[in-house]
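Fold and contact review
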Amino acid sequence: MAEGQRLQRISRTAKDPVKLRRAIVVLMSAQGQPAPDIAHLLKSSEDYVRDVIHAFNERGFDALDPKWSGGAPRRINEPFSS
């Protein structure tokens, strides 16, 4: 019950679109919606929906936060001394 209320609060107040989308997926799943229906409503793939649900079951609310990583390393520019 408390998880459902927390998910509803997140879906109303989340500023990050990724977190909002993941919270909606979990909330709809908790309401008994099958993965194909959730994927169709959110215009995403069934695999994405299942991955979000499984991650939430394993890690809880930490799974809703996006973990951005990868890409090129930052460049360090040292000033030239003359």
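These remarks concern the structure in this document. Worth saying up front: this structure is predicted, and the values here are computed from it rather than measured.

Tallying each qualifying case throughout the model produces one aromatic pair. Between the aromatic rings of Phe56 and Phe61, the centroid separation amounts to 5.2 Å while the plane-to-plane angle is 85 degrees, which identifies the pairing as edge-to-face. Accessibility classification places Phe56 together with Phe61 in one group, the buried group. Above the face of the Phe61 ring, Arg6 is positioned so that its terminal group lies 3.9 Å from the ring centre.

Now for the nonpolar core. One finds Leu7, Val25, Val49 and Leu64 to be the most contacted residues of the largest nonpolar core, which totals 17 residues. Among the elements of the structure, α1 (2-13), α2 (17-30), α3 (35-42) and α4 (46-59) are those that each provide at least two residues to this core. Per-element accounting of this core gives the leading share, five residues, to α2. Ignoring any residue separated from it by four or fewer positions in sequence, one finds Val49 in contact with Val25, Ala35, Ile38, Ala39 and Ser44.

One can find Ile38 in helix α3. Taking the relative accessible area as the measure of exposure, Ile38 reaches 0% and is therefore buried. Measuring from C-alpha to C-alpha, the distance between Ile38 and Ile10 comes to 18 Å, with 28 residues separating the pair along the chain. Not counting chain neighbours up to four residues away, the residues in contact with Ile38 comprise Val25, Met28, Ser29, Gln33 and Val49.

Let's shift gears to the pattern of salt bridges. The final tally for this structure, using the stated rule, is two salt bridges. Two residues, Asp65 and Lys19, come together in a salt bridge whose shortest N-O distance is 3.2 Å. In this pair, Asp65 is assigned in the segment after α4 and Lys19 in helix α2, connecting sequence segments 46 residues apart. Classification of Asp65 by relative accessible area gives partly exposed; the value is 26%. One salt bridge in this structure joins Glu46 and Arg50, with 3.3 Å as the shortest N-O distance. A residue pair is termed a helical-turn pair when its members lie 3 or 4 positions apart in one helix, as Glu46 and Arg50 do in helix α4 at four residues. For Glu46, a relative accessible area of 35% gives the class partly exposed.

Cut-offs used in this document
- Each residue is numbered by its place in its chain's sequence as written, counting from 1.
- A pLDDT threshold of at least 70 governs which residues receive local features in this predicted model, and a stricter bar of 80 or more applies before side-chain atom pairs are shown or counted, although totals over entire chains, interfaces and linings include all residues.
- The basis for every side-chain value is the complete set of non-hydrogen atoms in the structure, without hydrogens or water.
- Whether two aromatic rings pair depends on their centres lying within 6.5 Å, for rings of Phe, Tyr and Trp, where Trp uses its six-membered ring; planes under 30 degrees apart make the pair stacked, over 60 edge-to-face, and the rest tilted.
- Relative accessible area decides the class of each residue, using a 1.4 Å probe on protein chains only: under 20% of the type maximum gives buried, over 50% gives exposed, and in between gives partly exposed.
- A positively charged side chain is recorded as over a ring if its NZ (Lys) or CZ (Arg) lies within 6 Å of the ring centre. The angle to the ring normal must also be within 35 degrees.
- Among buried residues, the Ala, Val, Leu, Ile, Met, Phe, Trp, Tyr and Cys ones that are joined through side-chain atoms within 4.5 Å form a nonpolar core.
- Each helix corresponds to a stretch of at least 4 residues labelled H or I by DSSP, and each strand to a stretch of at least 2 residues labelled E; elements are numbered beginning at the N terminus.
- Here, two residues are considered to be in contact whenever any of their heavy atoms come within 4.5 Å of each other.
- Salt bridges are defined as contacts in which a side-chain nitrogen from Lys or Arg sits within 4 Å of a carboxyl oxygen from Asp or Glu.

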